[in-house]
Structures are given as structure tokens and as C-alpha cells.
Amino acid sequence: MMLGSSLVLLLLLLRPGAQAKPSPDAGPHGQGRVHQETPLSEAPHDDAHGNFQYDHEAFLGREVAKEFDQLSPEESQARLGRIVDRMDRAGDGDGWVSLAELRAWIAHTQQRHIRDSVSAAWDTYDTDHDGRVGWEELRNATYGHYAPGEEFHDVEDAETYKKMLARDERRFRVADQDGDSMATREELTAFLHPEEFPHMRDIVIAETLEDLDKNKDGYVQVEEYIADLYSEEPGEAEPAWVETERQQFRDFRDLNKDGRLDGSEVGHWVLPPSQDQPLVEANHLLHESDADKDGRLSKAEILGNWNMFVGSQATNYGEDLTRHHDEL
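All figures in this text were calculated on a predicted structure; none of them were measured in a lab.

Novice: Any details on the packing of aromatic side chains? Residues and values, ideally.
Specialist: Counted according to the given criterion, the structure contains ten aromatic pairs. Relative to F249, the ring of Y225 has its centre 5.2 Å away and its plane inclined at 55 degrees; by these criteria the two rings are tilted. Of this pair, Y225 sits in helix α11 (residues 222-227) while F249 sits in helix α12 (residues 240-253), placing them 24 residues apart in sequence. For the residue pair Y225 and F249, the accessibility class agrees, reading buried in each case. Here the aromatic residues Y143, Y146, F152 and Y161 are joined through ring pairs into a cluster of three or more. The ring of Y219 is capped by R260, whose NZ or CZ atom sits 3.6 Å from the centre of that ring.

Put into C-alpha cells, the structure is as follows:
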């Protein structure tokens, strides 16, 4: 079977290393491989002036926060009450919301767009509709159906595709934590978005090393690093940003200063340490709402500070107009 253009596109989208070289004036360069943590919200964290938009987007996710902005105060509080029940049920179900439960909820809402993208593609992979995706299903959906021994016989660069297939199978085996060759939604999400899962860290590093380590010595030399960013054209002067990247390599990538990157240094580069944003926000919400200072939140405490957690029509300009009118 011929590997169709749509399948090729899907295949390329699955591969984190599939990217074009940046043009000299595109800047910033070298960012395509780096998995930076997405901010919980782009809004300013400005609680002191009664602007809780950051908290709303952190707690609900950006799209759901917009929906809550259109609700009445009564409906917004009612929905928040149901969320409180869900947070507790997802934890220990003791009737209180702990810091851990609040953090888990915020992390869950922030990953909603990833789960939604997997759900949208689920039926493409789960071809027998049994609620799981086997490796054979994923392989066939991505690369097309081939008889044993005839893989990619009709594709010009068959060896490249065979290597890609082997690489995807290896990633699938790592994502398949119970080893049954069948991916649950969580396991498929780990396969498609490995940078989001701690247990996939090593495979992200291994794939990056394989992409860049052209001489196969197990390290990334500075020129291999540069070659991933810039393809020199005959007679073309090297752009100034390339030398800047060499300096970045020496100053910030090569941590032990041995002139090359090992796996640990590659991991520090492409999966940089980051602050636990959901935990920081959970601590903030708990501190602001824990009226009796017992280190946990009751449903009443959360609803008593509901406008910090969620929005409604009353927390927009209407509330401001009312407050200003009262002050006058």
C-alpha cells in the first residue's frame, strides 16, 4: 500500500525532531526542541487590585474560564461546588480539599487541551473500537498496511521509514507501562506527548541524541548542535546568530565544559527544570481561602472565596460599577 500524503503528515507530526532549519532572520533560534512549561495564564497575577483572571485561568483552564465569565454568580458558584466535590472524590474523599488535591486539579485542567487532542484522534487509532490502541493499530494507522516482509517496498526512502517505524515502536513500548502492547488513553497520550510525562524523559533524550549525534559517538558535538539549526549554503556568509549559538552551547549547554553534550546535558537543555506552577498556584489559593488556617479547604471556605477561583458576569465590569456606585 502506498504511504499517502496524509499519513506522511501524521507521521511527521508524531516525531518531535521533524522540523525545518530556521532561517537566519527568523529568531529566536534553537527553540524547536526545547519543551518549555506553558504558563498557567498570560494574565497578570494581580490579586491585590481585585484582578483574579490569572487565578480563574489557572484553576479552570483558559477556555472554561471564558465560559464561567458568562455565567450568573449563582450558576458560577453552583458549578464551583460540583468541582469541589470532584476534587475531593479524585483524592481521598474525606470531605476536604487538600493541597495535593488542589494541585492535581490545576494540573488536570492545564493538560485539558492535550487530552482533547488525543480524544479527537482516538477513533483514528482505535480501529476495532475496543477502548484501547494496540501497537498494530497505531502502526497501520500511521504508516499504512503492509504484508510481513513488504514494509515500505513502494516508498523511495524505505530505510528511513523503517528506522522511523522502529523508533516509534520503541517509544510505544516505553509509553505502554503495563507491557500488554495495548495503550490506554493515558498511555497513548504519553506516546504522542512524551515531554509531558516524567517516565518518558529518557526516550525524549534518546531521540534527541539520535537526531543530532551524526558521528554516533554518544555525544552532541558543538558542530552537530549547530548543524541542527543551520544549513550552510555554498558562498553564503555565516549569520551572526550562529556564533551566538556556539557561545550558548559553550556557556549554558555544556555544563561540565568537556566540549560536548552527554545525555544528562541534552536532558537539561530540551527538558529544562521548571517550577511546579500548579503547586505554586495551589498554595496561593489555599493560603487565601483557608479561613481557619488548618492547612486544608472545606467546601464552605472555597465557596466563601468563590470569585478568586471562578468568574461570572458579576466579576467583570458589572461588579466594578456596583462597587463604585456604593462608594459614591
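Novice: So what about the nonpolar core? Which residues, and what values?
Specialist: Formed by 43 residues in total, the largest nonpolar core has its most connected members in L138, F152 and L188. Going through the elements one at a time, α6 (112-125), α7 (135-143), α8 (158-175), α9 (185-192), α10 (201-212), α11, α12 and α13 (263-270) are the ones with two or more residues in this core. Sorting elements by how many residues they give to this core places α8 first, with six residues. Split by domain, the residues of this core number at least three in each of domain 1 (47-61 + 71-219 + 262-321) and domain 2 (220-261). Once residues lying within four places of it in the same chain are set aside, the contact partners of L138 are Y125, V133, F172, L188 and F191.

Novice: Could you give me a rundown of the environment of S181, with the residues and numbers involved?
Specialist: One can find S181 in the loop between α8 and β2 (182-183). For S181, a relative accessible area of 30% puts it in the partly exposed group. When the C-alpha positions of S181 and E136 are compared, they lie 8.8 Å apart, and in sequence the two are 45 residues distant. Residues within four places of S181 in sequence aside, it is in contact with V133, G134, W135, F172, R173 and D176. Side chain to side chain, S181 and R173 meet in a polar contact 2.9 Å long.

Cut-off values and rules
- Residues numbered from 1 in each chain as written.
- Predicted model: local features only at pLDDT ≥ 70, side-chain atom pairs only at ≥ 80, totals over all residues.
- Heavy atoms only, no water.
- Phe/Tyr/Trp six-rings, centres within 6.5 Å; stacked < 30°, edge-to-face > 60°.
- Helix = DSSP H or I, 4+ residues; strand = E, 2+ residues; numbered from the N terminus.
- Buried < 20%, exposed > 50% of the residue type's maximum accessible area, 1.4 Å probe, protein only.
- Lys NZ or Arg CZ within 6 Å of the ring centre and 35° of its normal.
- Core = buried A, V, L, I, M, F, W, Y, C linked by side-chain atoms within 4.5 Å.
- Domains from an automatic or database assignment.
- Contact = heavy atoms within 4.5 Å.
- Polar contact = N/O pair within 3.5 Å; in protein donor to acceptor, adjacent residues only side chain to side chain.

Read these as spatial facts, not as claims about activity.
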